[in-house]
Amino acid sequence: MVSRVESAAATRRALVDAAAELLDEGGVDAVTLRAVGARAGVSRGAPYGHFPDKEHLLAAVATKSWEAVSEQLDTLTADRPPSERLELALAGLMDVGRRRPHAYALMFSAPAAEHPEALAAVSRTHDQFLAIVAAVIGDPQRARPIGALVMASVQGIIAMENSGHLTAEKWQVTGDELLRMLIGRIG
């Protein structure tokens, strides 16, 4: 028999999953508490019992997205060279940006202080990423500025790809090639 707590947790997960699907399909404007409840197959009032507003629901979606990236980073084993781990980590993030551009944009919007779960998920992922950068450059003191440079570069690559401004025909390079060039320069 399922307890009330387990049932509530399952409903919350269903609501977050439904919101993520709607976000992927139509962006932030497609995510309404009513549409999320309908997609999740729950009562009209159920979303309001779990989230006070759309902002809190979107924070939960961002948290889930960052946690998925963090889980990917956990799978990058230490038996690979650091530069390969960095390339795989960034390629995974670029994959999110390419396949789920609305979720990617949400992930990189500033989480508000009233969403500690989102802040914790971002912080954990950034710490994992910075540890990989530090292993590549061999200098933990420089990991933050170089990590910021790399992350900003990946943001730019994804933004240019998603807007259609980064094409191999125009620039004679792909986003993946740019990523490898970037990693080659920081090692």
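Each chain carries its own residue numbering, running from 1 in the written order of its sequence. At least 70 in pLDDT is required for a residue's local features to be given in this predicted model, at least 80 for side-chain atom pairs to be given and counted, and no such filter applies to totals for whole chains, interfaces and linings, which use all residues. The basis for the side-chain values is all heavy atoms of the structure; hydrogens and waters are excluded.

**Student:** What should I look at first to understand the packing of aromatic side chains in this one?
**Tutor:** Two measures describe an aromatic ring pair: the distance that separates the ring centres and the angle between the ring planes. Stacked, tilted and edge-to-face pairs are distinguished by plane angle, under 30 degrees for stacked and over 60 for edge-to-face with tilted covering the rest, among Phe, Tyr and Trp rings (Trp via its six-membered ring) whose centres lie within 6.5 Å. Summed over the entire model, instances satisfying the criterion amount to two aromatic pairs. Consider the rings of Trp-66 and Phe-108, whose centres lie 5.2 Å apart with planes at 65°: the pair is edge-to-face. In this pair, Trp-66 sits in helix α4 (residues 54-75) while Phe-108 sits in the loop between α6 (101-107) and α7 (116-137), placing the two residues 42 residues apart along the sequence. Assessed through its relative accessible area of 3%, Trp-66 is described here as buried. A helix here means a DSSP run of H or I that spans at least four residues, while a strand means a run of E at least two residues long, and both kinds are numbered starting from the N terminus. Note on exposure labels: buried denotes an accessible area under 20% of the residue type's maximum, exposed denotes more than 50%, and partly exposed covers the range between, all computed with a 1.4 Å probe on protein chains only.

**Student:** Explanation requested: empty space enclosed by the protein in the structure shown.
**Tutor:** Where empty space is left becomes clear once a probe the size of a water molecule has been rolled over the atoms. The way it works is a 1 Å grid over only the protein atoms, where trapped points that fit a 1.4 Å probe form a cavity and open points with protein on both sides within 12 Å along at least five of seven lines form a pocket, and then any residue with an atom within 4 Å of a point lines it. Grid points are joined across faces, edges and corners, and a volume is the space filled by probe spheres set on the points. Evaluation of the coordinates by the stated rule reveals one cavity of 30 Å³ or more. In this structure, the largest cavity encloses a volume near 80 Å³. The wall of the largest cavity is formed by Trp-66, Val-69, Leu-73, Ala-89, Leu-90, Leu-93, Thr-125, His-126, Phe-129 and Met-151. Three classes are used: nonpolar for Ala, Val, Leu, Ile, Met, Phe, Trp, Tyr, Cys and Pro, charged for Asp, Glu, Lys and Arg, and polar for all others, with Gly counted as polar. Partitioning the lining of the largest cavity into residue classes produces eight nonpolar, two polar and no charged.

**Student:** I'm lost on helix α1 (residues 4-26) in this one. Help?
**Tutor:** Side chains three or four residues apart in an α-helix point the same way, a direct result of the helix having 3.6 residues per turn. An ideal rise of 1.5 Å per residue puts 33 Å on 23 residues; α1 measures up with 33 Å between its terminal C-alpha atoms. Taken together, the buried positions of α1 are occupied by Leu-15, Val-16, Ala-18, Ala-19, Ala-20, Leu-22 and Leu-23. What makes two residues a contact is simply this: any of their non-hydrogen atoms within 4.5 Å. Against the buried residues of α1 lie α2 (33-40), α3 (46-50), α4 and α6. Following α1 by one or two positions, Gly-27 adopts a phi angle in the positive range, close to 80°. Under the convention used throughout, the expected extent of a helix is 1.5 Å for every residue step, that is, one less than its residue count.

**Student:** Please clarify how the environment of Pro-145 should be interpreted in this entry.
**Tutor:** Relative to the helices and strands, Pro-145 is located in helix α8 (residues 143-163). The spatial distance from the C-alpha of Pro-145 to the C-alpha of Leu-130 is 9.7 Å, given a sequence separation of 15 residues.

**Student:** Looking at this structure, I do not really get the layout of surface pockets. What am I missing?
**Tutor:** Considered as a void within the structure, the largest pocket measures approximately 330 Å³ in volume. Residue assignment for the lining of the largest pocket shows that the elements contributing at least two residues are α1 and α4. In terms of residues, the lining of the largest pocket owes the most to one element, α4, which gives eight residues. Of the residues assigned to the lining of the largest pocket, the class counts are seven nonpolar, four polar and eight charged.

**Student:** How should the nonpolar core be read in this particular structure?
**Tutor:** Ranked by size, the top nonpolar core spans 33 residues in total, and within it Val-69, Leu-86, Leu-90, Phe-129, Val-133, Val-150 and Val-154 carry the most contacts. Elements supplying a minimum of two residues to this core: α4, α5 (82-99), α6, α7, α8 and α10 (175-186). When residues in this core are grouped by element, the largest group, nine residues, is from α7. With near-sequence residues (within four places) excluded, Leu-90 lies in contact with Phe-129, Val-150, Val-154, Leu-179 and Ile-183. Among the buried residues, those of types Ala, Val, Leu, Ile, Met, Phe, Trp, Tyr and Cys that are joined through side-chain atoms within 4.5 Å form a nonpolar core.

That's the geometry; what it means functionally is another story.
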